[in-house]
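# Structural overview
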Amino acid sequence: MKKPKLDHYVSPTRFGLVQFFVAVLLFYFLCMSLEIPLVFRTGSGSSSAIVEALPRQILVDREANWAVEEHPRRPSKDPDRILFRSSERRAREFKTVSDIFVNESIFDSGSGSADEFSIFHKTAKHAISVGRRMWDELDSGLIKLHEAKTPTKNGTEKCPDSITVSGSEFVNRSRVMVLPCGLTLGSHITVVATPHWAHAEQDPKITVVKEGDDSVMVTQFMMELQGLKTVDGEDPPRILHFNPRIKGDWSGKPVIEQNTCYRMQWGTALRCDGHESNSDDETVDGEVKCETWMREDNDDRSEESKASWWLGRLIGRRKKITHEWPYPFSEGELFVLTLRAGRQGMEGYHVIVNGRHTTSFPYRTGFVLEDATGLAIKGDVDVQSIFAASLPSTNPSFAPQKHLEMQTIWKAPPLPEGPVDLFIGILSAGNHFAERMAVRKSWMQHKLIKSSKAVARFFVALHARKEVNAELKKEAEYFGDIVIVPYMDHYDLVVLKTVAICEYGVGTVAAKYIMKCDDDTFVRLDAVIQEAKKVKEGQSLYIGNVNFYHKPLRAGKWAVTYEEWPEEYYPPYANGPGYILSSDIAQFIVNEFEEQKLRLFKMEDVSMGMWVEKFNGTRGGSVTVVHSLKFCQFGCIEDYYTAHYQSPRQMLCMWDKLQRLGKPHCCNMR
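Below you will find a few notes about this structure. (Residues numbered from 1 in each chain as written. Predicted model: local features only at pLDDT ≥ 70, side-chain atom pairs only at ≥ 80, totals over all residues. Heavy atoms only, no water.)

On to the packing of helix α9 (residues 494–507) against helix α12 (residues 604–618), then. The interhelical angle for the contact between α9 and α12, taken along N-to-C directions, is 50°, at an axis separation of 9 Å. When the interaxial angle is binned, α9 and α12 end up oblique. When you trace α9 past α12, the crossing you get is right-handed. In contact with V494, V495, T498, V499 and C502 of α9, α12 contributes E604, S607, M608 and W611. (Axes fitted to C-alpha atoms, helices over the stretch in contact; angles between N-to-C directions. Helix = DSSP H or I, 4+ residues; strand = E, 2+ residues; numbered from the N terminus. Parallel < 35°, antiparallel > 145°, perpendicular 65-115°, else oblique. Left-handed = near helix turned anticlockwise from the far one by under 90°. Contact = heavy atoms within 4.5 Å.)

Have a look at this one:
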């Protein structure tokens, strides 16, 4: 039987749905025609695969000009979808941070405290909120240079030439004595204190517990000259770490260990164990680095002593009288320690205990005397009093004019109209005036930058001290090479600056390659570009000192929880002091960021490895990863491409050698 033909019937419910979808489409096209941005937030998924993003308007630059006719090579963009605005474009329209920031409520965690990134979100939200308020105050003129200071005739801050602190005051100050103007040649600090009696200790971070032992007896303390923290979340620099270990050292003997920690990287320790420094070891201002003291194992010289005694009797030589000194610290016994900065020489610190010279420690690169703005004493010791004298009278901390040379030769050249081969984003901190000036006067003077074939910019977040921000703003306006990222600087948020570098590299200068480095990294520009050009034209690339199969630390300061990173290994990632990306990878990062799909990790270099791995997955494994030790992670090696942990003085020395000799050489100064 033939089925009857049915007329099309539209139910009232179906008709309503059609109207609804038509209305949505009309609304969408209306928004597009009026250029109203549609912002979507990606919902959370499983704890191991949550995608997170920051606001698109996270970064700011100064004085933007969005006239399309000025930059015909780049399409016009909606300012509300831009991460930051170019500081070089001397603009008619001036925008403040609040004009381009979205509500920081985007950092509210959607799944409560269990969310793997809730801590990161809270940190970022707070840093952006505080930074926005501080920038508004700075931009409105409420923050002035040298604000809240006691001016002297030359406009600098007056500081006391001596400071006295009692033991109870010292404890109430969290066991840190502030040295407001740092130290100078001839400054000295005297500490009167008593070491504790030894106690049972089983913490493996403090002592080595032998197998079968529950604990060992330990008594030790540390005295540190510390500098100001650069950013929140970072340990203060240890300009001098003086650590007497009366009991509990791995050697089983009393020792004194000294060291420095620059940019959270410890140097090579100087251990004094009771033997005098070798005769071929250089002295410090004429003093040996380690004096001798009595050791339990010094009696093994008895046979030699007998032979020399008989020989002396035969030839009539008298025995030389020597004094044997004990280890300078004893449990429960008061000591008087004086730490002195070399007065007649300029080579290092000297420690005198109970009137006798004990150790000398040479100044190390990266620090100057005025950086030592605090004295901390912690551990198994009771402090009775501290007296510091011969201190500098003026504060150098907020005197960038001491470092900055306002000369046109150091200004950044204007941005080129066409694409560039290489863009270098340099991570810096607000108070790193000396570091930025050293970079300007060294490798930023390379002909590739002067001819605008390569472009370099500093990326700086706001500092906790208002005076630093005021000086930073002034510096940025003069040199034209600073991109200000308006959040309060925090060690865990460095990754935000990296996203900014990628956006600037592809959106502002249209660079073929994008490089990221630190302001204590010396870069050989020609060698870096040549290394990138070894990869086939048009090939995606990721170049640096690459870590393969690197395991996350699960304990200690750098600990990463299983919620943050559940896998056994990180993806391959290049060390942060210097690496290169092709522009397509940088553009992918920016796109993922704008679409709120970019996963942000507290370790910047690991984050980049994660992003490259995701990009590689979308492109069928087409990324060429190049590993080279010449992107030196720790210090400098011959024939380097980049050298890390270089002080301002080393930067200038390396540039001078490169210019005079035509070959790369390190400047391993003390």
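Scanning all chains against the criterion turns up 23 salt bridges. Of the charged contacts, one joins E568 and K551 as a salt bridge, the two residues approaching to 3.5 Å between their closest N and O atoms. Taken together, the residues span a long stretch of sequence, with E568 in the loop between β20 (541–547) and β21 (573–582) and K551 in the loop between β20 and β21 at a distance of 17 residues. Between K630 and D639 there is a salt bridge, with its nearest N and O atoms 2.7 Å apart. What makes K630 partly exposed here is its relative accessible area of 27%. Judged by relative accessible area, which is 35%, D639 ranks as partly exposed. Connected through salt bridges with shared partners, the residues R245, D249, E257 and R271 form a single ionic network. (Salt bridge = Lys/Arg side-chain N within 4 Å of Asp/Glu carboxyl O. Buried < 20%, exposed > 50% of the residue type's maximum accessible area, 1.4 Å probe, protein only.)

The next point concerns the nonpolar core. Core analysis: the largest hydrophobic core is formed by 55 residues, its most contacted members being F423, F459, Y542, L581, M608 and W611. Counting residues per element, this core draws most heavily on α9, which supplies nine residues. With near-sequence residues (within four places) excluded, M608 lies in contact with T498, C502, Y542, Y579, L581 and I589. Membership of the second largest hydrophobic core comes to 48 residues, among which are L138, M444, A476 and M654. (Core = buried A, V, L, I, M, F, W, Y, C linked by side-chain atoms within 4.5 Å.)

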